[in-house]
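Residues per chain are reported as follows:
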Amino acid sequence: MPEMTNNETQQKAFDHSTHQEFVDYYAKQSLTDASVQRMRGIYDCVNRNLQQRGITQKLNVADIGCGVGVMSMMWAQDGHAVYGLDVNEALVDIAKQRVQHEKLNVEFSLGTATSLPWDDASMDVCIAPELLEHVEAWELCLSEFGRILKPSGVLYISTANKLCPKQQEFNLPFYSWYPSALKRHFENLARTTRPDIAGYAKYPAVNWFSYYQLRKEFSKMGMDSFDRFDIMDVDKKPAYQKLIINLIKHNPILRWLGHVATPGLSMLAIKKA
């Protein structure tokens, strides 16, 4: 085997160090109050939908892009059968250690969202937070999510919102509005010499979506879609906020403006029975 050049050696060391930095950063951030509350918000959102439809039994839950397993642990603590999957082996190892420490039963797998290891119609719930933006073959991901869901199963997705100029994927102003060619330039920098501009993510964001785009895709898959305004918990909100949300729901222009003003995109899709 030929020896590596100095440049190749430096690049290999750089790749290893930035990946380890990402793993350490991600593991630490996953335990912060903000991160746990964000996962709890997703958990509560999905559970609220299930309860509204009278679904109270123990479920099969797929946590795709599970990272270090925070979401998986929440479902397992309620007695559900949980299956976590992530492409990053180091994060999966941390997730396994955490559930073992908490004596929870979660089956973690190393794999990709474009080829899920579970049978057709085997899952009641599929959760894929902040994943689609990182996978080039995002259409295949959606197909796989739909494949594993049972009829009436619920899919939760959060991803990058191309309508809003504010985003958290790249440390660059108005990045979601950049033309594609300029985005490709910064994606390449994030993968090579400037990983800091994408938070040291091993797979920087390459896709940007709107709710309307994904709603169309889910419709073709035989799924009903609900955006952040449809799935928002308004019970504890002040009367004026309830009024505003109700106006947004019933006015297409206000709904569109609401998406433009909201960083990130979150939605539920229900597989038709």
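Predicted model, so just to flag it, every value in this text is computed and none were measured. Counting from 1, residues in each chain are numbered in the order their sequence is written. pLDDT decides what is reported in this predicted model: residues at 70 or higher carry local features, side-chain atom pairs at 80 or more are listed and counted, and totals for whole chains, interfaces and linings draw on all residues regardless. In computing side-chain properties, one takes all heavy atoms of the structure into account and sets aside hydrogens as well as water.

Side note on the confidence of the model for the protein
So, point 1. Values of pLDDT, the confidence the predictor places in each residue, fall between 0 and 100. Looking at the protein as a whole, the pLDDT averages 89, with 92% of positions reaching at least 70.
So, point 2. Numbering of helices and strands runs from the N terminus, with a helix taken as a DSSP run of H or I at least four residues long and a strand as a DSSP run of E at least two residues long. Per-element averaging of pLDDT across the protein places helix H1 (residues 6-29) at the bottom with 54 and strand S1 (residues 60-64) at the top with 98.
So, point 3. In the model, residues 1-17 has pLDDT below 50 throughout and makes six contacts with residues more than four positions away in sequence or in other chains. Note on contacts: a residue pair is in contact if any heavy atoms of the two residues lie within 4.5 Å.

Describing the packing of helix H2 (residues 33-52) against helix H3 (residues 70-77)
So, point 1. Axes here refer to lines fitted to C-alpha atoms; in helices the fit is confined to the stretch in contact. Angles between the N-to-C directions go from 0 to 180 degrees. Put simply, H2 and H3 touch, their axes get as near as 9 Å, and they point 45° apart. In terms of axis orientation, H2 runs oblique to H3. As for how H2 packs across H3, the hand of that crossing is right-handed. Contact with H2, carried on its side by Val36, Met39, Arg40, Ile42, Tyr43, Val46, Asn47 and Leu50, involves Val70, Met71, Met74 and Trp75 of H3 and no other residues of that element. Any angle from 65 to 115 degrees is called roughly perpendicular, while one under 35 is roughly parallel, one over 145 is roughly antiparallel, and all others are oblique. Note on convention: near helix rotated counterclockwise from far helix by under a right angle means a left-handed crossing. Clockwise means right-handed.

A few points about the pairing of S1
A regular strand places its side chains on the two faces of the sheet in alternate fashion.
So, point 1. Exposed residues in this analysis have more than 50% of their type's maximum accessible area, buried residues have under 20%, and partly exposed residues fall in between, with area computed by a 1.4 Å probe over protein chains only. Summarising burial for S1: four of the five residues are buried, a large majority.
So, point 2. In this sheet, strand S4 (residues 123-129) lies alongside S1 in parallel orientation, the contact comprising three bridges. If you follow Asp63 over to S4, its bridge partner there is Ile127. If DSSP finds at least two bridges between two strands, the strands pair.

So, the side chain of Glu169
So, point 1. Its place among the elements puts Glu169 in the loop between strand S5 (149-159) and helix H6 (180-191).
So, point 2. Asp and Glu are treated as the negative residues and Lys and Arg as the positive ones, with His and the ends of the chain left uncounted. Salt bridges are defined by distance alone: a side-chain nitrogen of Lys or Arg within 4 Å of a carboxyl oxygen of Asp or Glu. Summary of buried charges: Glu169 has no salt-bridge partner, and the nearest side chain of opposite charge, Arg38, is 8.9 Å away.
So, point 3. Excluding anything up to four places from it in sequence, Glu169 contacts Glu133, His134, Ala160, Ile197, Ala198, Ala205 and Trp208.

Focus on the sheet that holds strand S2 (residues 81-86)
So, point 1. Within the open sheet, the seven strands sit side by side as S3-S2-S1-S4-S5-S7-S6. Their pairing is mixed. Since the sheet does not close on itself, it has two edges, and those belong to strand S3 (106-110) and strand S6 (223-227), each with one partner. The sheet shows a mean angle of 15° between the axes of neighbouring strands, taken without regard to direction.
So, point 2. Across six bridges, S5 lies against strand S7 (residues 265-271) in antiparallel orientation. Of the residues in S7, the one forming a bridge with Thr159 is Leu265.
So, point 3. Across the face of the sheet, H3 comes into contact with S1, S2, S3 and S4 while running at roughly 175° to S2.
So, point 4. Running over the sheet, helix H5 (residues 138-148) touches S1, S4, S5 and S7 and is turned about 145° from S5.

Re the environment of Cys164
So, point 1. With respect to the helices and strands, the residue Cys164 is situated in the loop between S5 and H6.
So, point 2. Take Cys164: its relative accessible area is 2%, and that puts it in the buried class.
So, point 3. Each C-alpha atom, one on Cys164 and one on Lys271, is 28 Å from the other, the two residues being 107 residues apart in sequence.
So, point 4. Not counting the four nearest positions on each side in its chain, Cys164 is found in contact with Ser176, Trp177, His259, Val260, Ala261, Thr262 and Pro263.

With respect to helix H4 (residues 89-101)
So, point 1. How far a helix is expected to stretch is found by multiplying one less than its residue total by 1.5 Å. If you check H4, its first and last C-alpha atoms are 18 Å apart, about what 13 residues at 1.5 Å a residue would give, namely 18 Å.
So, point 2. Regarding H4, the residues found buried are Leu91, Val92, Ile94, Ala95, Arg98 and Val99. Down the axis of H4, the sector holding all buried residues measures 160°, keeping them to one side. For H4, the exposed residues lying more than 90 degrees away from the buried face are Gln97, Gln100 and His101.
So, point 3. The N-cap of H4, judged by a side-chain oxygen 3.0 Å from the amide nitrogen of Ala90 a few residues on, is Asn88.
So, point 4. Lys103 lies just past H4 and shows a positive phi near 55°. Directions from the helix axis toward the C-beta atoms define the arc. Polar contact is defined as a pair of N or O atoms within 3.5 Å, subject to the rule that within protein one atom must be able to donate a hydrogen and the other to accept it, and that residues adjacent in sequence are counted only when both atoms are side-chain atoms.

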